[in-house]
Amino acid sequence: MNDIFAAASVVFSFNALLMIFVGTLAGVIIGALPGLTVNMGIALLMPLTFSFQGLTGILMLIGVYCGAIYGGSITAILINTPGTPASAATILDGYPLALRGEAGRALGLSTLSSTVGGIFGAICLVLVSPLLAKVAVGMSAPEYFSLAVFGISIITSVSSHSIIKGLMGGCIGLAIATVGLDPMTAGFRFTFDSVYLMGGISFVPVLVGLFAFSQGLISLEDNHRGSENRKVQVAIKRIFPTWADFKRVFPTQIRSAAIGTVIGAIPGTGGDIASYVSYTEAKRWSKHPEEFGHGSIEGVSAPEAGANAVAGGAMVPLLTLGIPGDGATAIMMGAFMVQGLSLGPLLFKEHPIEVNTIFIGLFVANILMGLIGFAGLRLSTRIMDVPPRILVPVVLTLCAVGAYSVNHTMIDVFVMMLAGTLGYILIKLDFSMSPIVIGIILGPMAETNLRRSLVMSEGDYSVFVTRPICLSFLIIAVVTLFLPIVGPKLWNWWKKRSGGPVLPENETQE
Amino acid sequence: MKKLSLLVAVTLSAVVGQAMAQSLTYPTKNITVVIPKNPGGGTDTSARTLIEFTKSALPKGVMFVPENKPAGNGVAGLIEVAKSKPDGYKLVMTTVELAMFPHEGKSPVTYADFTPIVTPIADPCSLVVKADAPYKTLKEFLDAAKANPGKIKVGNSGVGAIYHLAALNMERKLGLKFNNVPYNEGIGPAIGALVGGHLDAVITTPGTAKSQVDAGALRILGVMDSQRFELFPDVPTFKEVLGQDLGLKMRAWAVLAAPAKLPQKIADELITAFGKTVNSPEYQAAMKKQGIMPIVMLGKNAEMMMKEDHETYKELIAEAKKK
């Protein structure tokens, strides 16, 4: 108990609170800017922590971490551009809501969900981290593979216009992900003797291009034609979500947060994967699955709650095992070591005050994140009032800056523009971007772990059916993949047999 | 981004004391230090620590500007510096991959394209197993491996990377056969898999496994070096256990280097300045805090190590390709 009080006195000192606040605010801004990611924000601010006494610097990084994951949703909802990869799934329902003039409602829900998700993750970290760590290391390549396949299987559910185009998009994404060194044999794949391609096509520039740059091009076109495409009235009646909304999304938030925490705890996976998996699960469990993709409030809440819960989850292996759960915590690990904290099983025994400080800091950062989000809500929705002819050039410039800053190379900027042009063409052809992004995010995870499983089992495919967790994920994946395709047909067949009303075929394509 | 890094650099320079006298006289503008790796990794941390403690050697108004360029597995950054003007304004933190990539067709530049200045790290590879594994010593492990060819699962950080080549070297020199499992995401997830019991062993540097070893979850069986590793004085070297030197010497190093044909005067100045840093106790303490064993290896010595490893890996990779 003394440890907790000692830790609380560290966190609630003026300096520490100020640093968490500064960190969270910086995180929200970094997250909201397309191309600047969580990892980059933490890497940029990490050297600063060397000069702080004790854990203050680390508390600031925790603030950045939480803030940046949330910040991405602001741009996702308002200008249809994910600020970070983790909020790519938020676009699916966030932007349609904003187009309906409900940007305030969407942002309120995303802020609330982020906070709920973040706090849920923090609670899990405090209460069950040893157990979670056990679950995380208990999973091996076959489980990771099935999890990735499960994530990929949602492409049929997120394709807004046609399932075939969704599947094609998914294949485009998977194809992009194969460029570079073969993960198992280190052979060259589609590298054309280019040093740049050897490292694979950078993910962030492609993401920024597909979503933001393409959208910019479409706005340019609209502007040229003289038709203002966004006459959206933004009247914010209230900042906080209504009680009815909250009651409806709360189960989704908790479910997504649980998914996010577990995914965060698995080494090598992060918010981008968690948000898509949470989204699918939300859709599967929802009483209104038909609303998804057209501005479902659960669709906004699920990815945000999932992605923000990752923060708490990713700290589990970092603190208990000394193994970072995702890229951001990998960078933070350096900051911990500079302060003389060797992470791992002994941390809890040797540094109880520091551990409690991190716990409390994580709660405070999540609460501050919510406060900053709600306080800035009116201000940020004003983006909707900016005329496209001003907003679009700003967004296009930010795209270039964001793409460049990932690797400090112009090639990434060209990749971004190329992806943007491709995205523009695909949007004109009625493709949706999400299946492509899902393919790029989850393709490598699926491929690597499939092949790693087979290396470990010496080519024996039975590992995928003899391990219960793996098998159940695969079964759910098959159901998720085919339900949107065969589901309506089965339904019609059943109805026809019993003489009920038949769903029109074109509607079921949604 | 650059502005932000400048800002960060300025803030930091205000913090770290100006203890050392200025010993670099040539710079009239900022020196770029290319780090061909992602921020936060061992290479990045050691590079940043190194330049942090050498900052005071620079004339007023001039600073080191670190730039992370991880594109193309870091090769893009290596090429950029190798092809730049040898005037001392562009440095790069090369890593042990520079001794391997050229033989794997992944890099057009080799150690000969650089002027080595200082080696902040050269950690040996070590064999790590679970603490409750059936083999308690290196000898028992090797016997088990001999008895079960192709059955023992050894994790590494990707095919063709140092830990994989270390495993191949063991196979070749000791007549063993492992089931090598690559974790191209990095050695962290491989150690996670070892803790979870999905692998039988992992080859990595002792520092990366330290927290697990201290907690009694993992055990280091042996290090591949000519002497024992300072952080784990109880762990024997392979040479001691085998009773003979089979050339099982593998180290993960990083060398700060300038382009080849650097004028002798500039090279000397840089070597003196960084030499002072790596010998200072404050710097060494800072490195140890980050789990890195600081070493002192400058100029010619660093070049010798790079050359030696270049030859070792040439053979090893040729051998690996035959399979």
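Here the residue index of a chain counts from 1 through its sequence in written order. Numbering of ligands from 1 and lettering of chains from A proceed in the order in which they are written. Reporting in this predicted model follows two pLDDT cut-offs: at least 70 for local features of residues, and 80 or more for side-chain atom pairs to be given and counted; totals over whole chains, interfaces and linings ignore these cut-offs and use all residues.

**Q** Account for the domain arrangement of chain B, naming residues and giving values.
**A** Residues and elements named next belong to chain B. Partitioning chain B into domains gives domain 1 (2-123 + 252-322) and domain 2 (126-242). Distance between the C-alpha centres of domain 1 and domain 2: 28 Å. For every residue pair, C-beta atoms are placed from the backbone, and the pair is scored as a contact if these atoms sit within 7 Å. Across the boundary between the two partners, domain 1 contributes 12 residues, which contact 12 residues of domain 2. Helix and strand assignments follow DSSP, with helices taken as H or I runs no shorter than four residues and strands as E runs no shorter than two, numbered in order from the N terminus. Ranked by residues supplied to the side of domain 1 that touches domain 2, first place goes to helix α11 (residues 299-322) with four residues. Ten residues, namely Ala, Val, Leu, Ile, Met, Phe, Trp, Tyr, Cys and Pro, are considered nonpolar, four, namely Asp, Glu, Lys and Arg, are considered charged, and the remaining ones, Gly among them, are considered polar. Taken together, the residues that form the side of domain 1 that touches domain 2 break down as eight nonpolar, one polar and three charged. All the domain ranges listed were derived from an automatic or database domain assignment.

**Q** Talk me through the sheet that holds strand β10 (residues 251-259) of chain B; I want residue IDs and the actual numbers.
**A** Residues and elements named next belong to chain B. Strand pairing requires that DSSP identify at least two bridges connecting the strands. The five strands lie next to each other as β2-β1-β3-β10-β4, forming an open sheet whose pairing is mixed. Taken across any chain shown, the strands that pair with only one partner, and hence form the sheet edges, are β2 (64-68) and β4 (114-124). Between one strand and the next, the sheet's axes are offset by a mean angle of 20 degrees, whatever the strand orientation. In the sheet, strand β1 (residues 31-35) pairs with β2 via five bridges, with the strands oriented parallel. What sits directly across from Val 33, in β2, is Pro 66. For every element, the axis is a line fit to its C-alpha atoms; helices are fit only across the contacting stretch, and the angle between N-to-C directions ranges from 0 to 180 degrees.

**Q** Got a sec to walk through the interface of chain B and chain A? Specific residues and values, please.
**A** Tallying the contact residues gives 47 residues for chain B and 44 residues for chain A. Secondary-structure elements contributing two or more residues to the side of chain B that touches chain A are α1 (2-15), α2 (42-54), β2, α3 (75-82), β7 (179-182), α6 (187-195) and α7 (210-214) of chain B. Looking at which element gives the most residues to the side of chain B that touches chain A, the answer is α6(B), with six residues.

**Q** Which residues make up α3(B), and what are the values?
**A** Each residue is classed by its C-beta neighbour count within 10 Å, where at least 20 other C-beta atoms makes it buried, 12 or fewer makes it exposed, and intermediate counts make it partly exposed; the C-beta atoms are placed from backbone geometry. Buried residues dominate α3(B), accounting for seven of its eight residues. All of the buried residues along α3(B) are Val75(B), Ala76(B), Gly77(B), Leu78(B), Glu80(B), Val81(B) and Ala82(B). Contacts from the buried residues of α3(B) go to α10 (195-198) of chain A together with β1, β3 (90-95), β4 and β10 of chain B.

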